[in-house]
Amino acid sequence: RLTIDAGCRNTLLAEFRERFYAPWTQASSRYDLTETKKFMIKVAQAKWYGVNRRLMPVGLLRGILDNCALDKFPSRNEKAISIVPTHLRGLPTHLPLFTAANAYPFDMLQYPQVKANEPLRVLHVSRDGIWCFVETAYSNGWLEARDVAFADQSFIDSWMALPQIVIIRDDVTVKDEGSETSYRSEIGTFLPLVKAG
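Residues numbered from 1 in each chain as written. Predicted model: local features only at pLDDT ≥ 70, side-chain atom pairs only at ≥ 80, totals over all residues. Heavy atoms only, no water.

K.L.:
Which residues make up the layout of surface pockets, and what values do they have?
P.N.:
Computed from the structure, the largest pocket encloses a volume of approximately 430 Å³. In terms of lining, the largest pocket is formed by 13 residues, of which the most central are V174, K175, D176, P192 and V194. Among the secondary structure elements, those contributing two or more residues to the lining of the largest pocket are β9 (172-175) and β11 (190-192). The class makeup of the residues in the lining of the largest pocket is eight nonpolar, one polar and four charged. Taken as a whole, the second largest pocket spans an internal volume of roughly 160 Å³. (1 Å grid on protein atoms, 1.4 Å probe; cavity = no way out; pocket = protein on both sides within 12 Å on 5 of 7 lines; lining within 4 Å. Points joined across faces, edges and corners; volume = space filled by probe spheres on them. Helix = DSSP H or I, 4+ residues; strand = E, 2+ residues; numbered from the N terminus. Nonpolar A, V, L, I, M, F, W, Y, C, P; charged D, E, K, R; others polar.)

Here is the structure:
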């Protein structure tokens, strides 16, 4: 096993915690939201192909852009947490967009994966209320509102005070205490350790 001396390990852990919890601890966005807004407009106005290998209708893209409610962007600044594994999206839609008719499966709206229990900052909500524009420790984009839970300061303080464990294998079953609910967790998922078992 690779060993890291305690001083180095503590420094790296402190650095990680600072970045991981940034959506909860920093007062403002880590990204240039003016540029983010311009980028969304640019993406929605570009020429894209759908899964049927045909050009996406301009009206459909215009409707997706309208749903962004960019006239009010950003409209919020609230702390939250992801409750399921999901992917950030470039626009508030599950429709994949491809650069060419034969570019499947490279969906240009699919951004990095967000694992369950990641700190988030909700900066905006779509006009239809179905999507939240969020910021993570490493990126920003749209998530379905049903995949996000808002977190008050009491929850955040208690969560951050607990030691964290990390899942080091894919498909690890995580079960809620006292219930039959369980889900499969992926490598790299962080969970608070309530008690050692």
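K.L.:
So what's going on with the pairing of strand β6 (residues 140-144)? Residues and values would help.
P.N.:
Among the five residues that make up β6, five are buried, leaving the element largely enclosed by the rest of the structure. Across five bridges, strand β5 (residues 131-135) lies against β6 in antiparallel orientation. The residue of β6 that forms the bridge with W131 is E144. From the end of β5 to the start of β6, which pair antiparallel, there are four residues. (Buried < 20%, exposed > 50% of the residue type's maximum accessible area, 1.4 Å probe, protein only. Pairing = 2+ DSSP bridges.)

K.L.:
Any chance you could break down the state of the cysteines for me, citing the residues and the numbers?
P.N.:
Under the definition given, this model contains zero disulfides. Among the cysteines around C68, which has no disulfide bond, C132 carries the closest sulfur, lying 13 Å off. (Disulfide = S-S within 2.5 Å.)

K.L.:
Tell me about the packing of aromatic side chains, residues and numbers included.
P.N.:
Per the stated rule, a full pass over the model turns up 10 aromatic pairs. With 5.7 Å between their ring centres and 20 degrees between their planes, Y21 and W24 make a pair best called stacked. Overall, Y21 belongs to the buried group, its relative accessible area being 1%. Judged by relative accessible area, which is 2%, W24 ranks as buried. (Phe/Tyr/Trp six-rings, centres within 6.5 Å; stacked < 30°, edge-to-face > 60°.)

K.L.:
Account for a nonpolar patch on the surface, with residues named and values stated.
P.N.:
On the surface, a nonpolar cluster with roughly 330 Å² of combined accessible area is contributed by L2, I4 and L12. Position of L2 relative to the elements: it lies in the segment before α1 (6-20). (Patch = residues over 30% accessible without salt bridge, like charges linked within 9 Å, V, L, I, M, F, W, Y side chains within 5 Å. Areas by Shrake-Rupley, 256 points an atom, 1.4 Å probe, with all protein chains shown as cover. Salt bridge = Lys/Arg side-chain N within 4 Å of Asp/Glu carboxyl O.)

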